[in-house]
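Architecture at a glance
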Amino acid sequence: MTMVNIDFIKSNRKVLKNFGQFYSLVIDTSTYRLSKTDKRRLRELFESVDFNAVNSKSFADDLKNVLNSFDYETARQNKNQI
C-alpha cells in the first residue's frame, strides 16, 4: 500500500468535490480494486466531509482509519481477476 498524501487531499477542494478524483488519489487503482463494502466505506467518509473541518486532525485520522480497515490482499486479487 502506498502512502496517501493527506495534506494534498485536504488542500485540494476540487478533489473533495469529486468522489472519482478522491478515490483515485487514495487508492492505487492500477494495483487494487476495492470490494463493494470497502468502496462504500470510503464513499461514506467522502460524503461526510465537512469542508470547514477538512483541515482538522480528525479528517486525517478518519481517513487513515478507513484506509487501514481495507483488505488490501483481497483488493489486489480482485484487480488481478479482471
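This report concerns the structure included in the present document. (Residues numbered from 1 in each chain as written. Predicted model: local features only at pLDDT ≥ 70, side-chain atom pairs only at ≥ 80, totals over all residues. Heavy atoms only, no water.)

**Re the pattern of salt bridges**
The tally for this structure, following the rule as stated, stands at four salt bridges. The residue Asp 7 makes a salt bridge to Lys 10 at a minimum N-O spacing of 3.9 Å. Here Asp 7 and its partner Lys 10 are both found in helix H1 (residues 6–11), three residues apart, which amounts to about one turn of the helix. According to the relative accessible area criterion, Lys 10 is buried, its value standing at 13%. A salt bridge links Arg 41 to Asp 38; its shortest N-O distance comes to 2.0 Å. Residue Arg 41 and its partner Asp 38 are both found in helix H4 (residues 36–48); the two are separated by three residues, about one turn of the helix. On the basis of relative accessibility, which here comes to 6%, the residue Asp 38 falls in the buried class. (Salt bridge = Lys/Arg side-chain N within 4 Å of Asp/Glu carboxyl O. Helix = DSSP H or I, 4+ residues; strand = E, 2+ residues; numbered from the N terminus. Buried < 20%, exposed > 50% of the residue type's maximum accessible area, 1.4 Å probe, protein only.)

**Here we look at the packing of aromatic side chains**
One pass over the structure, following the stated rule, counts six aromatic pairs. On the basis of an interplanar angle of 65° and a centroid distance of 5.4 Å, the ring pair of Phe 19 and Phe 46 is categorised as edge-to-face. Taken together, the residues span a long stretch of sequence, with Phe 19 in helix H3 (residues 19–26) and Phe 46 in helix H4 at a distance of 27 residues. Note on Phe 46: relative accessible area 11%, which makes it buried. Ring geometry for Tyr 32 and Tyr 72: centres 5.2 Å apart, planes at 70°, overall edge-to-face. Placement of Tyr 32 in the loop between H3 and H4 and of Tyr 72 in helix H6 (residues 72–80) is noted, with a sequence separation of 40 residues between them. (Phe/Tyr/Trp six-rings, centres within 6.5 Å; stacked < 30°, edge-to-face > 60°.)

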